[in-house]
Amino acid sequence: MRMLSKSFSQQERIEEISKNIYLLIQNKGRMKPKKLVSVVSSIPTALKNQPTNLGDQPLTIQEFSSLKEGLNRNSILSGKITNVVTGVNDVPAKFIFVDYKGEFGCISIYNTSSVSYTHLTLPTIYSVQISVVAVSLKKK
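Residues numbered from 1 in each chain as written. Predicted model: local features only at pLDDT ≥ 70, side-chain atom pairs only at ≥ 80, totals over all residues. Heavy atoms only, no water.

Undergrad: Can you help me understand the overall build of the protein chain in this one?
TA: When helices and strands are tallied, the protein chain shows three helices and seven strands. What you see in the protein chain, going N to C, is helices and strands ordered as α-α-β-β-β-β-β-α-β-β. In the protein chain, buried positions account for 34% of the 140 residues. Restricting to contacts in the protein chain with at least 6 residues of sequence separation, those with at least 24 account for 56%. (Helix = DSSP H or I, 4+ residues; strand = E, 2+ residues; numbered from the N terminus. Buried < 20%, exposed > 50% of the residue type's maximum accessible area, 1.4 Å probe, protein only. Contact = heavy atoms within 4.5 Å.)

See the structure below:
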């Protein structure tokens, strides 16, 4: 994927990032079927231990499609990052991920170190109490 030029206007950057996200999700992160099956089967579907610092309610791993729009309390999204969408210094950082059911989405992370970009070889991610925003794209 090509990185976005700094000479783009803000609107052009948003349109380009949105287009890249859409295409990566539609093309399943450009992963070959055999690799995708291997990646999806390696994603955890349950917690070994409950975190102790996040309240009294037990947390459960949810598939991406079962999350509702807004804050999903007591939920964890478990997945693997498959693609980096934004540049190292962009805030928020945007990544394409796949969950344990093989569904793709985009996750935005606001507090990311530039070092994390060098260690992104299909890492497992856990997003606790994830806030979901539904985005709809319309063609011009």
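Here the narrative resumes.
Undergrad: In this structure, what is going on with the environment of Gly29? I would like to understand it.
TA: Turning to its location among the elements, Gly29 is positioned in the loop between helix H1 (10–26) and helix H2 (33–41). Linking Gly29 and Val98, residues 69 residues apart in sequence, is a C-alpha distance of 8.5 Å. Beyond its immediate chain neighbours, meaning those up to four positions away, Gly29 contacts Leu24, Thr82, Asn83 and Phe104.

Undergrad: Teacher, can you tell me more about the pairing of strand E4 (residues 93–99) here?
TA: Each regular strand shows side chains that alternate between the opposite faces of the sheet. The buried fraction of E4 is high, at seven of seven residues. With five bridges joining them, strand E3 (residues 75–84) and E4 adopt antiparallel strand pairing. Across the sheet, residue Asn83 finds its bridge partner in E4, namely Ile96. With six bridges connecting them, E4 and strand E5 (residues 104–109) associate as antiparallel partners. Considered in E5, the bridge of Val98 is made with Phe104. (Pairing = 2+ DSSP bridges.)

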